[in-house]
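Coordinates in review
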Amino acid sequence: MKRLMVRYKVKADRADENIGYVRAVYEQLARERPARLRYATFKLDDGVSFVHIVSQETEDDASPLTGLATFKTFIAEIGDRCEEPPVATPLHEIGSYAFFD
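Residues numbered from 1 in each chain as written. Predicted model: local features only at pLDDT ≥ 70, side-chain atom pairs only at ≥ 80, totals over all residues. Heavy atoms only, no water.

Topic: the overall build of the chain
A tally of helices and strands in the chain yields three helices and four strands. Its C-alpha atoms give the chain principal-axis dimensions of about 40 × 30 × 20 Å. Counting over 101 residues, the chain shows a buried share of 34%. If you sum the accessible surface of the chain, you get close to 6,600 Å²; carbon and sulfur atoms cover 52% of it. (Helix = DSSP H or I, 4+ residues; strand = E, 2+ residues; numbered from the N terminus. Buried < 20%, exposed > 50% of the residue type's maximum accessible area, 1.4 Å probe, protein only. Areas by Shrake-Rupley, 256 points an atom, 1.4 Å probe, with all protein chains shown as cover.)

Pasting the structure below:
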């Protein structure tokens, strides 16, 4: 099982654009419903910082998320949208209550 948190900050004039890309990813996820993937995205109070949390259980450690066309579009120019680039941090669960179930 792999769990990851990605945090980044977009430029103020690009926040709505980023949200549009994120929503497109969720629309494709809802249509395709990939197995063994849990994914959540949060916008922080400043309106320009985002946190994505991914939990995946795949045999080959490949993420079904990165294969989505909408996700590829989302990340294609993320560097141009960002004021602070994405930083991925592995998460090591100590405990949770109904968070990943």
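Further notes follow.
Quick notes on the pairing of strand S3 (residues 49-56)
Extensive coverage of S3 is indicated by the burial of eight of its eight residues. Burial along S3 is two-sided: Ser49, Val51, Ile53 and Ser55 and Phe50, His52, Val54 and Gln56, pointing in opposite directions, are all buried. The sheet contact formed by strand S1 (residues 2-10) and S3 spans eight bridges and is antiparallel. The partner of arginine 7 across the bridge, within S3, is valine 51. Note that strand S2 (residues 37-43) and S3 share seven bridges and pair antiparallel. Within the sheet, the bridge partner assigned to threonine 41 lies in S3 and is histidine 52. Between S2 and S3, which follow one another and run antiparallel, lie five residues, and glycine 47 among them has a positive phi close to 80°. (Pairing = 2+ DSSP bridges.)

Concerning helix H1 (residues 15-32)
In an α-helix there are 3.6 residues to a turn, and that puts residues three or four apart on one side. When the terminal C-alpha atoms of H1 are compared, their 26 Å separation across 18 residues agrees well with the 26 Å that a helix rising 1.5 Å per residue should span. Among the residues of H1, Ala15, Asn18, Ile19, Val22, Val25, Gln28 and Leu29 are the ones counted as buried. Packing partners of the buried residues in H1 comprise S1, S2, S3, helix H2 (69-76) and helix H3 (78-81). Of the residues flanking the end of H1, it is arginine 33, one or two places downstream, whose phi is positive at about 45°. (Expected span 1.5 Å × (residues − 1). Contact = heavy atoms within 4.5 Å.)

What about the nonpolar core?
Counting residues in hydrophobic clusters, the biggest one holds 19 residues, and the most contacted among them are Tyr8, Val25 and Leu65. Put simply, the parts of the chain that give this core at least two residues each are S1, H1, S2, S3 and H2. If one sorts the elements of this core by residue count, H1 sits on top with five residues. What leucine 65 contacts, discounting residues up to four positions off in sequence, is Val25, Leu29, Leu37, Tyr39, Val54 and Phe71. (Core = buried A, V, L, I, M, F, W, Y, C linked by side-chain atoms within 4.5 Å.)

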